[in-house]
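Take a look at the letters that make up each chain.
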Amino acid sequence: MIFLTALPLFWIMISASRGGHWSAWMPSSISAFEGTCVSIPCRFDFPDELRPAVVHGVWYFNSPYPKNYPPVVFKSRTQVVHESFQGRSRLLGDLGLRNCTLLLSTLSPELGGKYYFRGDLGGYNQYTFSEHSVLDIINTPNIVVPPEVVAGKEVEVSLLHFVPTREANGHRLGCQAAFPNTTLQFEGYASLDIKYPPVIVEMNSSVEAIEGSHVSLLCGADSNPLPLLTWMRDGTVLREAVAESLYLELEEVTPAEDGVYACLAENSYGQDNRTVELSVMYAPWKPTVNGTMVAVEGEMVSILCSTQSNPDPILTIFKEKQILATVIYEPQLQLELPAVTPEDDGEYWCVAENQYGQRATAFNLSVEFAPVILLESHCAAARDTVQCLCVVKSNPEPSVAFELPLRNVTVNETEREFVYSERSGLLLTTILTLRGQAQAPPRIICTARNLYGAKSLELPFQGTHRLMWAKIGPVGAVVAFAILIAVVCYITQTRRKKNVTESPSFSGGDNPHVLYGSDFRISGAPEKYESERRVGSERRLLGLRGEPPELDLSYSHSDLGKRPTKDSYTLTEDLAEYAEIRVK
């Protein structure tokens, strides 16, 4: 609380210039404490040609016209005054010197009002001046505050000089007036309306919200007068109002609303601004993959997988459940393969995950390379059938051809009568089926070719008994086993009879019995007949028209050896569609 101590007031009288006409000067208003005294300064003038011997004067209360019989406050001629002013008024000035200052003492509320002075020079030379003073009887000091008080700027309030602050706004300024050697003491107060620029005093700190949730941002400012509050983002006004505080409501926030929000507070005395960062937490977006998806064997491949999430995700690239690369809390991951091989061909996955979810993207890397003929490629023969299996790993798909060099014949995959092909991934399986091969199995070469190169392999023959057992099946195996037992028994009995009946006159002939013959020819058949038989067989292999001579060919082929174990590939008639080439 600030108090002002009343000091004695000294009024400086400015001598009125003699203007040669009736005029007066006095303060228009004056205040005084109840129970104290007050002087009303006054000067007057009259025309120069009037030279009165004596100058008299009268003070009236609340009316300037004598005919209205206003209360007389003071009268120099008779000293007769109204009862309210008896003993309480006297003239301090010298009327002869044109000084009409009036002193009032022991003030009470009823003495408050208008005071008029009338000059009396004798006879008709009397004049009531229109100028007057209004006396205000008060019990508290009247603190006069300037119309505008601005924080930080010096101000004068009832003789008090000080620099107001924003913290003093709305506080009361007190004034105390005391009179020495008396018990009179008066106190008064006035509220300070201090103007100052805005200061933002209330605002969210950084805010984290999950995608889809509700967010409320608050901005509050202290200023006088009230500020204009504005919420902005990237220069765009989102909301504004003249208020002490302002909320910005965001319903179901999305990642697009992630960013920095600014609050601006301003009035005619200045402005202030602050920012708050809103972080929207969300699961990773579906990863995008940029890079080489087709490469030639030996080339370097670089694949970039990227996504967006908050917080940043864990990124992983894997193939067939094997992790190839991973990175933690990064928005992108790069996979580099210095020199790709066929084994790198296939499907890959890029997986992004954080505590809010997981997303994945599949992509395929195609590695192109020259054909490779796998070791399981082979031929198998049984009776009059030969089947050849050529397994090729290649990308792009190769063309496959079978060559019979001894017969100067080449069969490719377009000849569907003899060749069946099936592709699975990078593997191309091609089967060649030949019928009517009564002679020894021919040499067969498999050749695979694409734009990156060619590869040839002479297909090895696996024993003819393998295909035979595959063809005859379990029932045939039982029959063959029974025949084997019968043959053994027959040989045993024959040897016993021989030991009993053998005589010196018995001897073996030049031509023993034949159990197996793979090159049997009819006796007496001409060479020309044999040649025609071979030509007809080759024509059937190539699918040519023509009827070869009818052959009367009989042979027997029995393989009583041990049944082999199962191969990785078992060639049977139901593996492929084929055309038969049979020699009868």
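What you see is a predicted model; the values in this text were computed from it and never measured.

The rules behind each value
- Residues numbered from 1 in each chain as written.
- Predicted model: local features only at pLDDT ≥ 70, side-chain atom pairs only at ≥ 80, totals over all residues.
- Heavy atoms only, no water.
- Pairing = 2+ DSSP bridges.
- Helix = DSSP H or I, 4+ residues; strand = E, 2+ residues; numbered from the N terminus.
- Axes fitted to C-alpha atoms, helices over the stretch in contact; angles between N-to-C directions.
- Phe/Tyr/Trp six-rings, centres within 6.5 Å; stacked < 30°, edge-to-face > 60°.
- Buried < 20%, exposed > 50% of the residue type's maximum accessible area, 1.4 Å probe, protein only.
- Core = buried A, V, L, I, M, F, W, Y, C linked by side-chain atoms within 4.5 Å.

(A) Examining the sheet that holds strand E35 (residues 409-412) more closely. With respect to topology, four strands assemble into an open sheet ordered E35-E34-E38-E39, the strand pairing being antiparallel. The open sheet has two edge strands, E35 and strand E39 (453-458), and neither has a second partner. Each strand axis lies, on average, 20° off the axis of its neighbour in the sheet, ignoring direction. When strand E34 (residues 399-404) meets E35, the two strands line up antiparallel, connected through four bridges. Each residue of the ladder has a partner; that of Leu404, found in E35, is Val409.

(B) Expanded view of the pairing of strand E28 (residues 322-328). Where strand E27 (residues 314-319) meets E28, six bridges bridge the pair, whose relative direction is antiparallel. Looking at the pairing, Phe318 lines up with Ile323 of E28. In this structure, the hairpin formed by E27 and E28 is closed by a connection of two residues, where Glu320 is found at a positive phi of approximately 50°.

(C) Structural view of the packing of aromatic side chains. Summed over the entire model, instances satisfying the criterion amount to 17 aromatic pairs. With 6.2 Å between their ring centres and 85° between their planes, Phe85 and Tyr115 make a pair best called edge-to-face. You can see Phe85 sitting in the loop between strand E6 (72-75) and strand E7 (89-91) and its partner Tyr115 sitting in strand E9 (residues 113-120), a full 30 residues away along the chain. For the pair Phe85 and Tyr115, a shared accessibility class is recorded, and that class is buried. Taking 6.2 Å as the distance between ring centres and 5° as the angle between the ring planes, the aromatic pair formed by Phe117 and Phe129 counts as stacked. Remark: Phe129 occurs in strand E10 (residues 126-138) and Phe117 occurs in strand E9; sequence separation between them is 12 residues. The pair formed by Phe117 and Phe129 is uniform in burial state, with each residue classed as buried.

(D) Fine view of the environment of Ile200. Here Ile200 lies in strand E16 (residues 194-203). Separated by 19 residues in sequence, Ile200 and Cys219 place their C-alpha atoms 7.2 Å apart.

(E) The arrangement of the nonpolar core in detail. Membership of the largest hydrophobic core comes to 29 residues, with the highest contact counts inside it found for Phe44, Trp59, Leu104, Tyr115, Phe117 and Leu135. Of all elements in the fold, only strand E2 (29-33), strand E3 (38-40), strand E5 (56-61), E6, strand E8 (102-104), E9 and E10 reach the threshold of two or more residues within this core. Among the elements that take part in this core, E10 stands out by supplying three residues, more than any other.

(F) Quick look at the sheet that holds E5. With respect to topology, five strands assemble into an open sheet ordered E2-E10-E9-E5-E6, the strand pairing being mixed. The open sheet has two free edges, formed respectively by E2 and E6, since each of these has just one partner strand. Each strand of the sheet is rotated relative to its neighbour by a mean of 25°, with strand direction disregarded. Bridge count for E5 against E9 is six bridges, and the pairing is antiparallel. Across the sheet, the residue bridging to Trp59 is Phe117, located in E9.

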